[in-house]
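As a plain string of letters, each chain reads:
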Amino acid sequence: MALFKKKKELADYSDKAVPTSIGIIMDGNGRWAKNRHLPRSAGHRAGAKVFRTITRYCSDIGVKYLTVYAFSTENWRRPQDEVGALMRLFKEYLQEALDDFKDDSIVIHFIGDKSSFSEDLQKLMDDNEEISKDRDGMVLNIAMNYGSRDEIVRAVKSISEGVKNGDIDINSIDESMVSDHLYTAGQPDPDLIIRPSGEYRISNFMLWQSAYTEFVIMNKLWPDFKKEDLDEAIRLYNLRSRRFGGV
Ligand code: FPP
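The notes below deal with the structure included here.

Analysis parameters
Residues numbered from 1 in each chain as written. Predicted model: local features only at pLDDT ≥ 70, side-chain atom pairs only at ≥ 80, totals over all residues. Heavy atoms only, no water. Helix = DSSP H or I, 4+ residues; strand = E, 2+ residues; numbered from the N terminus. Rg over C-alpha atoms; globule rule 2.2 N^0.38 Å. Buried < 20%, exposed > 50% of the residue type's maximum accessible area, 1.4 Å probe, protein only. Contact = heavy atoms within 4.5 Å. Areas by Shrake-Rupley, 256 points an atom, 1.4 Å probe, with all protein chains shown as cover. Patch = residues over 30% accessible without salt bridge, like charges linked within 9 Å, V, L, I, M, F, W, Y side chains within 5 Å. Salt bridge = Lys/Arg side-chain N within 4 Å of Asp/Glu carboxyl O. Pairing = 2+ DSSP bridges. Axes fitted to C-alpha atoms, helices over the stretch in contact; angles between N-to-C directions. Expected span 1.5 Å × (residues − 1). Core = buried A, V, L, I, M, F, W, Y, C linked by side-chain atoms within 4.5 Å. Near = heavy atom within 4 Å. Polar contact = N/O pair within 3.5 Å; in protein donor to acceptor, adjacent residues only side chain to side chain.

Attention shifts here to the overall build of the protein. Within the protein, the regular secondary structure consists of 7 helices and 6 strands. Taken from the N to the C terminus, the helices and strands of the protein come in the order β-α-α-β-α-β-α-β-α-α-β-β-α. Since a compact globule built from 247 residues should have a radius of gyration of about 18 Å, the 19 Å found for the protein is in line with a globular shape. Reported as C-alpha extents along the three principal axes, the dimensions of the protein are approximately 70 × 50 × 35 Å. Taken over 247 residues, the protein has a buried fraction of 47%. Across the protein, every contact between residues at least 6 apart in sequence was considered, and the portion connecting residues at least 24 apart equals 77%. Surface accessibility of the protein: about 13600 Å² in total, with carbon and sulfur atoms responsible for 50%.

Positive phi is not limited to glycine here, since Ser105 has a value of about 60°. Here Ser105 shows up in the loop between helix H3 (80-100) and strand S3 (107-111). Look at Asn204: it is not a glycine, yet its phi comes out positive at around 65°. Along the chain, Asn204 falls in the loop between strand S5 (192-195) and strand S6 (214-217).

We now examine a nonpolar patch on the surface. Taken together, the side chains of Val163, Ile170 and Ile173 present a nonpolar region at the surface, about 230 Å² in accessible area. Looking at Ile170, the relative accessible area reads 57%, which means it is exposed.

Hydrogen bonds between backbone groups are what pair the strands of a sheet, and the pairing can be parallel or antiparallel. Reading across the sheet, the 6 strands line up as S3-S4-S2-S1-S5-S6 and stay open at both edges, with parallel pairing between neighbours. At either margin of the open sheet sits one strand with a lone partner, and together these are S3 and S6. On average, each strand axis in the sheet is inclined to that of its neighbour by 20°, with strand direction left out of account. Alignment of strand S2 (residues 65-72) against strand S4 (residues 139-146), held across 7 bridges, turns out to be parallel. Across the sheet, the residue bridging to Phe71 is Met144, located in S4.

This part is about H3. Because each turn of an α-helix spans 3.6 residues, side chains separated by three or four positions in sequence point in the same direction. The end-to-end C-alpha distance of H3, which contains 21 residues, comes to 29 Å, matching closely the 30 Å that a straight helix rising 1.5 Å per residue would cover. Tucked into the core, H3 has its buried residues touching helix H2 (40-61), S2, S3, helix H4 (119-132) and S4.

With 47 residues, the main nonpolar core has Ile24, Phe51, Ile142, Met144, Ile194 and Leu230 as its most contacted residues. Of the residues forming this core, the biggest block, 9 residues, is contributed by H3. Discounting residues that sit within four places of it in the chain, Ile142 has contacts with Phe51, Val68, Ala70, Leu94, Ile108, His109, Phe110 and Ile111. Within the second largest apolar cluster, 8 residues are counted, among which are Tyr69, Ile111, Tyr146 and Phe205.

This brings us to the pairing of S5. By the alternation rule, side chains of S5 split into Leu192 and Ile194 and Ile193 and Arg195, which are all buried. Inspection of the sheet shows strand S1 (residues 21-25) paired to S5 by 3 bridges, in the parallel sense. Pairing of Gly23 across the sheet is with Ile193, part of S5. As paired elements, S5 and S6 share 4 bridges and run parallel to each other. Within S6, the position partnered with Leu192 by the bridge is Glu214.

All right, on to the pattern of salt bridges then. Within the structure shown, the criterion is met by 23 salt bridges. The shortest N-O distance in the salt bridge between Glu199 and Arg201 comes to 3.5 Å. Connected via shared salt-bridge partners are Asp27, Arg31, Arg195, Glu199 and Arg201.

With respect to spatial proximity, 18 residues lie near the ligand, and among them Met26, Gly30, Arg31, Arg40 and Arg78 are the closest. Between the ligand and the protein, one listed contact pairs an oxygen atom with a backbone N or O atom of Gly28 at 3.3 Å. The separation between an oxygen atom of the ligand and a polar side-chain atom of Arg78 is 2.7 Å. Contact with the protein chains removes 92% of the 630 Å² of surface that the ligand exposes when unbound. If you list the elements that add at least two residues to the shell around the ligand, you get helix H1 (29-35), H2 and H3. Considering each element in turn, the shell around the ligand owes the most residues, 5 residues, to H2.

Below, the structure written as structure tokens:
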């Protein structure tokens, strides 16, 4: 019997590059629940637990930025009871997150338009950002009411405003200026985007930022996703030859 229980069980990353920035489209909660004859909300609840485990694991193995897609600008079209259940789940988890990610020094940041959420949820989002802003660990972007087209439209409007009032010279507009007007301003683009549930779609997620991202699609529903699946996604990522348009 081991005398000391290992504090954290991590895969051996000594011979693999850990991506600096990872995005995850947490998909398949509904199907997971349906397969078990459970309401869709049970799938989201199971998915939220996995979100917490995988976030911690990413931080443990040295990922610097993790972006999770929790709620899109299009998800409001879902039945009212499902949207209601998701909002309750967000409140519960964001209440816990105030304390939960402290030991891991995780910086919490929301990307998306907060203004559509209830006041108490907006306050929880603001409190999470405020309480974690001086930490020095992994940055966790939680995409809520996020749509990448909407994000780009906002950037265009903001730059246009600058041109109109004379703060921006139209000839100085370049790719880095556009990046600096996105919710992810100041952060590196994702190296790897993982989509569980076997769907080959980007679903309005980080369209600008993913120009040279490696995609890994996995045939697992998000509530079944394990640390080992993240290891496997990183293993596949390490097999890719990234050329960024060069040779
Ligand atoms: C997509 O699966 C998943 C969502 C729309 C919700 C994701 C939210 C969570 C996992 C909760 C995370 C909690 C926090 C606090 C960030 P789907 O419902 O579209 O699945 P389906 O394609 O199988 O129907």
